[in-house]
Amino acid sequence: MTVQRQIGFWIAALAVTVLLLFVLRGILLPFVAGFALAYLLDPLADRLQRIGIGRLGASLLILVLFVLVFILTLVVLVPFAAQQVGAFVERLPGYVARLQELGAEQIGPLIERLGIEEALPAAPPSVANLISQGVAWFAAFMQGLWSGGQALLGIFSLLVVTPVVAFYMLVDWDRMVRTVDSWLPMRHRDTIRHIARDIDRAIAGFVRGQALVCIILGTFYAVSLALIGLNFGALIGMTAGFLSFIPYVGSLTGLILSVGVAIVQFWPDYAMILATLGIFVFGQFVEGNILSPKLVGDSVGLHPVWLMFALVAFGALFGFVGLLLAVPLAAAIGVIARFALRQYLASPLFRGTEPVILTPRIEIEAEKPKADADA
């Protein structure tokens, strides 16, 4: 098979896959979630196998424990989070208006002393109104994700189908990997295996490692902010921990929200405001110097901008299914792109050593002296 035919085959396969994902996006959520769950829990099943538990028993034990923990988490956290979110959204415009007032009180006299009030632009529209519009837009965006991901399946179907799919995937995981490996073209088997190992390392390193980082940071932020008495501290801390899945976004979001609430709540108690700021500074230091290097590592290769683009793009195209697929596909595309770049840098096309293809006219002119010499 020529290179052109191989490229055409893989482009056609990619196009068919994307088309199927788009057409079936309404029913894929429980199956994609089950596959992702099996992938995340497979290392635990392998460890249980090594201590003497059969694959079937290990898979059943893991899934039962996971479902129990998940249900307990829903029962405990969902009512609390729903109440906190509703109260926070209701009070958010008031917080923003109060921040505007404090800013005008503190910065206004300084502007007057500097004599630059005439050079400043006209007063912008109310930030509180902008925040309200932003909240409405975000709610509409989440509603679009929800309707896109749950068009044909209710939440009950998701909770029932996902564990079943995950169980069967987890039981047959090693056999499926061996089967797919046997289908690889023999000529390129080693190269494909190397790329697949790099993709697995990138996905596993980011998803499993970053999930632990999110849990640790979310717990730390929530407990610390609640202990200092910050309003909605637990909610802000959990949100910051969850958004830490995207590097820097979680800490920055939590920092802005918590410091804003702290200024409104504690002003002019600078000690409490600085304590709120210090919690996030310390959390960011621990994440950057201890948690991420140890749990995530340096071999992931997912740039924060590329990750954010993948989440937004796949979420807009495929709903919640796209959000689940965004990180694995972003990691896979990154690995394949780096492999292609290495191949290009090692190729004659980059090094300039490829053979020169002469046109027929040049070839005729080059052969003419030889013909004269023969004559």
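Residues numbered from 1 in each chain as written. Predicted model: local features only at pLDDT ≥ 70, side-chain atom pairs only at ≥ 80, totals over all residues. Heavy atoms only, no water.

> Summarise the overall build of the protein chain; cite the residues concerned and give the values.
Secondary structure assignment for the protein chain yields 14 helices and zero strands. Nonlocal contacts in the protein chain, meaning residues at least 24 apart in sequence, comprise 74% of its contacts between residues at least 6 apart. Summed over its atoms, the accessible surface of the protein chain is roughly 23700 Å², and 72% of this surface lies on carbon and sulfur atoms. (Helix = DSSP H or I, 4+ residues; strand = E, 2+ residues; numbered from the N terminus. Contact = heavy atoms within 4.5 Å. Areas by Shrake-Rupley, 256 points an atom, 1.4 Å probe, with all protein chains shown as cover.)

> Give me the lowdown on the packing of helix α2 (residues 29–50) against helix α7 (residues 189–227), citing residues and values where you can.
The contact between α2 and α7 brings their axes to 11 Å, and the two run at 90 degrees. Comparing the axis directions of α2 and α7 gives the class roughly perpendicular. Judged by residue contacts, Tyr 39, Leu 40 and Pro 43 of α2 engage Asp 200, Ile 203, Ala 204, Val 207 and Arg 208 from α7. For the contact of α2 with α7, the per-class residue count stands at six nonpolar, no polar and two charged. (Axes fitted to C-alpha atoms, helices over the stretch in contact; angles between N-to-C directions. Parallel < 35°, antiparallel > 145°, perpendicular 65-115°, else oblique. Nonpolar A, V, L, I, M, F, W, Y, C, P; charged D, E, K, R; others polar.)

> Give me the lowdown on the environment of Gly 322, citing residues and values where you can.
Tracing the sequence through the fold places Gly 322 in helix α12 (residues 320–345). Spatially, the C-alpha atoms of Gly 322 and Leu 28 are 9.9 Å apart, while their sequence positions differ by 294 residues. Those residues within four positions of Gly 322 in sequence are excluded, and the remaining contacts are Phe 314 and Gly 315.

> Break down the side chain of Ser 251 for me, citing the residues and quoting the values.
Looking at the secondary structure, you find Ser 251 in helix α9 (residues 249–266). Overall, the relative accessible area of 6% leaves Ser 251 in the buried class. A polar contact is formed between the side chain of Ser 251 and the side chain of Gln 284, at a distance of 2.6 Å. Filtering out sequence-adjacent residues up to four positions away, Ser 251 remains in contact with Tyr 221, Ser 244, Phe 280, Gln 284 and Glu 287. (Buried < 20%, exposed > 50% of the residue type's maximum accessible area, 1.4 Å probe, protein only. Polar contact = N/O pair within 3.5 Å; in protein donor to acceptor, adjacent residues only side chain to side chain.)

> Tell me about the nonpolar core, and please be specific about residues and values.
By size, the foremost hydrophobic cluster in this structure holds 39 residues, and its most contacted members are Leu 63, Leu 170 and Val 321. The set of elements that each furnish at least two residues to this core consists of α2, α3 (55–114), α5 (155–171), α7, α11 (304–318) and α12. Element by element, the count of residues in this core is highest for α12, at nine residues. Look past the residues within four positions of Val 321 in its chain and what remains in contact with it is Arg 25, Leu 28, Leu 29 and Val 32. (Core = buried A, V, L, I, M, F, W, Y, C linked by side-chain atoms within 4.5 Å.)

> Can you tell me about a nonpolar patch on the surface, naming the residues and giving the values?
On the surface, a nonpolar cluster with roughly 850 Å² of combined accessible area is contributed by Phe 66, Phe 70, Ile 71, Leu 72, Leu 74, Val 75, Val 76, Leu 77, Val 78 and Leu 159. Looking at the nonpolar patch element by element, the count peaks at nine residues for α3. Leu 74 gets classed as partly exposed once you look at its relative accessible area, which sits at 34%. (Patch = residues over 30% accessible without salt bridge, like charges linked within 9 Å, V, L, I, M, F, W, Y side chains within 5 Å. Salt bridge = Lys/Arg side-chain N within 4 Å of Asp/Glu carboxyl O.)

> For the confidence of the model for the protein chain, give the residues involved together with the corresponding values.
Per-residue pLDDT for the protein chain has a mean of 75; in total, 75% of the residues score no lower than 70. Looking over the protein chain, one finds the lowest element-wise mean pLDDT in helix α14 (residues 360–374), namely 44, and the highest in helix α6 (residues 173–182), namely 86. Counted against residues more than four places away or in other chains, residues 148–153, with its pLDDT under 50, gives 14 contacts. Of the regions scoring below 50 in pLDDT, residues 355–375 engages in one contact with residues more than four places distant in sequence or in other chains. (pLDDT = per-residue confidence, 0-100.)

> An account of unusual backbone geometry is requested, with residue identities and associated values reported.
Although it is not a glycine, Phe 232 sits at a positive phi angle of roughly 60 degrees. For Phe 232, the position within the fold is in the loop between α7 and α8 (233–243). By relative accessible area, Phe 232 is classed as buried at 9%.

> Can you lay out the pattern of salt bridges for me, pointing to particular residues and giving the numbers?
Under the defined criterion, the tally for this structure stands at six salt bridges. One network of salt bridges, in which partners are shared, links Asp 42, Asp 46, Arg 55 and Asp 174.

> Give me the packing of aromatic side chains: which residues, what numbers.
This model, assessed by the stated rule, comprises eight aromatic pairs. Centre to centre, the rings of Phe 66 and Phe 70 are 6.3 Å apart; their planes meet at 10 degrees, and the pair counts as stacked. Highlighted residues: Phe 66 and Phe 70, both in helix α3, separated by four residues, approximately one helical turn. With a relative accessible area of 34%, Phe 66 lands in the partly exposed category. (Phe/Tyr/Trp six-rings, centres within 6.5 Å; stacked < 30°, edge-to-face > 60°.)

> Break down the side chain of Ser 258 for me, with residues and values.
Here Ser 258 shows up in helix α9. For Ser 258, the contacting residues outside a window of four places in its chain are Leu 225, Leu 230, Ile 236, Thr 276 and Phe 280.

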